[in-house]
Amino acid sequence: VLSHNLCTVLNVPHDPVALEEHFRDDDEGPVSNQGYMPYLNKFILEKVQGNFDKVEFNRMCWTLCAKKNLSKSPLLISDEDAFKVWVIFNFLSEDKYPLIIVPEEIEYLLKKITEAMGAGWQQEQFDHYKIALNTSREGLSAWELIDLIGSGQFSKGMDRQTVSMAINEVFNELILDVLKQGYMLKKGHKRKNWMERWFVLKPNIISYYVSEDLKDKKGDIILDGNCCVEALPDKDGKKCLFLIKCLDKTFEISASDKKKKQEWIQAIQSTVNLLRAGSPPPHKEARQKRKELRQKLLAEQEELERQMKELQAANENKQKELETVRKQLEAAAARAAEEEKKRLQTQVELQDRFSLELEREKMVRQKMEEQVAQKSSELEQYLQRVRELEEMYKQLQEALEDEKQARQDEETVRKLQARLLEEETAKRAELEKWHLQQQQTIQMTEAEKQELENQRMMKEQALQVAMEQLKQLELERKEALEQYEEVKKKLETAANNTKSWKDKVAHHEGLIRLIEPGSKNPHLITNWGPAAFTEAELEQRQRSWKGKKATSE
């Protein structure tokens, strides 16, 4: 029976053979293991073409489920109004099972019903209801929505008839796609008489009936993108006229007043514009936008929750790190206490050895003073040799390139020796200062010895470092002396070479000239190579020759 009724409502041919084959009896009893949903999808729903009455289909579904789920408590709306609310719920609910209507869509529906009743919207009252709803669940089921509207919570002061008319108006707009409806006069095409008709404007058609009960339909005006609507002047005793032009026919219509005329013209023109643009009806487009907005807000909320979780995880990690650091600090404090204990024990042991090491230190200091005095004498001799080298360096400054290189090496050695002298002088002054401080330390009381023990140890280490540095300086001084001897040999060689060159120049004056720092002017080029004099010197010699020649004549 259910399958036959579904096929009848959906305009699908019923196939009893397929039904019997699908639900054939088997050894396990009369109920087939195939199930009803596969049969419904394969043999009924897949064959639906869309040319069926959706209201009748909804009425059949309502008949199947209303008796079981509809509340038994008395409601302010009739069963017919409850059916219309149920259909509206199926249109506005979310696309997931079980079906629910979210608070935003509930607010939209209640606003539409309130506006249809001509009452004011109570936003504060709905906000309180929304807060209470969000704390318990995401939305309402169809039957809870019927109970909410039927309870009159948001329609106080309104009678049953007003609420029913408002529900019917919202049902016509959202489900039946009725954009506008009302009585107007229409001019006939054959007899040219004017008859009152009930007009219903939908997204692609205008239907007109004898009355508003929609039982006796008189005709349709098919709308498309080529249609247009124009206002007409009053004529033949008819006022508030306008014209609807289609491809095959033209319709003259008279509204009851100017306001209704303008409303109908705007509604029809908006419908034609939507057909031209290929856009859905306004209420469906608005529903899609609200759905996209909710999805966007949900995505933003999920992203915010994800970020909050990341922050929480980061905070937990930080807490773990702080706990680890705290434990490390406690362990470090324990190690510091142990080290302090060991340090006190070491201090007691060092105090016992302090007197013996102090005597030993005095002897070492005396030896160091003798070494410093010896180093000072050697340093004076070294400085004297450095001054002699500087004088020789000044005399050989105008020599050949080899002499210049030797002078640079000697200058480097001199600076190195000066730096070593300064460092030895500073170390000696520091040693004398330590000697005076240690003499004062010996004269202090036994109570002060414990306080100065750490300082003595530091001075002892510094004294050892100074001894090592002094040895290093002595090695560097020896290396510098060796470098100086090499430089001195180079200078002697360069001097001998210069002396031999001067002797050769004395024997061969005019042919070869000693290369000396002089004019930077370019030299002359002869057939045998570069000349030994510049162009300016050549001019000076020419003038000298000319003068000698004139004197001889």
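Just above sits the structure.
This text gives an overview of the structure that appears in the document. Keep in mind it's a predicted model, so treat the numbers as computed, not measured.

Focus on the state of the cysteines
- Under the counting rule described, the total for this entry stands at zero disulfides.
- For the unlinked cysteine Cys-65, the closest cysteine sulfur is that of Cys-61, found at 7.1 Å.
- Counting only cysteine sulfurs, Cys-227 is the nearest neighbor of Cys-246, a cysteine outside any disulfide, at a range of 3.4 Å.

Re the pairing of strand β3 (residues 205-209)
- Across the five residues that make up β3, a large majority, five, are buried.
- Side chains Ile-205, Ser-207 and Tyr-209 of β3 all project onto a buried face; the interleaved residues Ile-206 and Tyr-208 project onto the opposite face, where all are buried too.
- The sheet contact formed by strand β2 (residues 194-202) and β3 spans five bridges and is antiparallel. Residue Val-200 lies in a different strand from β3, and its bridge partner there is Ser-207.
- Where β2 folds back on β3, the antiparallel hairpin that results is connected by two residues.
- Summarising the sheet, β3 and strand β4 (residues 217-222) pair through five bridges and their orientation is antiparallel. Across the sheet, residue Ser-207 finds its bridge partner in β4, namely Asp-220.

Thoughts on unusual backbone geometry
- A positive phi angle, near 60°, is found at Asn-11, a position not held by glycine.
- Inspection of the secondary structure assignment puts Asn-11 in the loop between α1 (2-10) and α2 (16-22).
- According to the relative accessible area criterion, Asn-11 is partly exposed, its value standing at 46%.
- Residues other than glycine seldom take positive phi values, yet Asp-177 does so here, at roughly 60°.
- Position of Asp-177 relative to the elements: it lies in the loop between α9 (160-174) and β1 (180-187).

Concerning the packing of aromatic side chains
- Applying the stated criterion across every chain, the model contains 11 aromatic pairs.
- Members of the aromatic cluster, connected to one another through ring pairs, are Trp-62, Phe-83, Trp-86 and Trp-143.
- One Lys or Arg, Arg-290, reaches over the ring of Tyr-108 and ends 3.6 Å from the middle of that ring.

Here we look at the layout of surface pockets
- There is about 540 Å³ of room inside the second largest pocket.
- As for the second largest pocket, its lining consists of 16 residues, and the residues nearest its centre are Val-102, Glu-104, Glu-138, Arg-294 and Leu-298.
- Put simply, the parts of the chain that give the lining of the second largest pocket at least two residues each are α6 (103-117), α7 (123-134) and α11 (282-395).
- At six residues, the largest contribution of residues to the lining of the second largest pocket is made by α11.
- Across the lining of the second largest pocket, the residue classes tally to five nonpolar, three polar and eight charged.

Structural notes on the sheet that holds β4
- The strand order across the open sheet formed by seven strands is β4-β3-β2-β1-β7-β6-β5, and the pairing between neighbours is antiparallel. Each of the sheet's edge strands pairs with one partner strand only, and the pair in question is β4 and β5 (228-232). On average, adjacent strands in this sheet sit at an angle of 35° to one another, irrespective of strand direction.
- Relative to β2, β1 is paired through eight bridges, and the arrangement is antiparallel. When the bridges of β2 are listed, Leu-185 appears paired with Glu-196.

Thresholds applied
Starting afresh in each chain, residues are numbered from 1 along the sequence in its written order. Predicted model: local features are reported for residues with pLDDT of at least 70 only, side-chain atom pairs are reported and counted for 80 or more only, and whole-chain, interface and lining totals are derived from all residues. Hydrogens and waters are ignored; side-chain quantities use all the structure's heavy atoms. Here, a disulfide means two cysteine sulfur atoms that sit within 2.5 Å of each other. Three exposure classes are used, based on accessible area relative to the maximum for each residue type with a 1.4 Å probe and protein chains only: buried under 20%, partly exposed in between, and exposed over 50%. Helix numbers and strand numbers start at the N terminus; a helix is a DSSP run of H or I with at least 4 residues, a strand a run of E with at least 2. Between any two strands, pairing holds if DSSP finds at least two bridges. Each pair of aromatic rings taken from Phe, Tyr and Trp, with Trp reduced to its six-membered ring, is defined by centres within 6.5 Å and is described as stacked if the planes are under 30 degrees apart, edge-to-face if over 60, and tilted in the remaining cases. Counting as a charge over the ring demands two things of the Lys NZ or Arg CZ atom: a distance within 6 Å of the ring centre and an angle within 35 degrees of the ring normal. Lining residues are those with an atom within 4 Å of a point, where the points come from a 1 Å grid over the protein atoms alone and group into cavities, where a 1.4 Å probe fits but cannot get out, or pockets, open sets with protein on both sides within 12 Å along at least five of seven lines. Grid points are joined across faces, edges and corners, and a volume is the space filled by probe spheres set on the points. We call Asp, Glu, Lys and Arg charged. Ala, Val, Leu, Ile, Met, Phe, Trp, Tyr, Cys and Pro are nonpolar, and the rest, Gly among them, are polar. Note on geometry: axes are C-alpha line fits, over the in-contact stretch for helices, and angles between N-to-C directions span 0 to 180 degrees.

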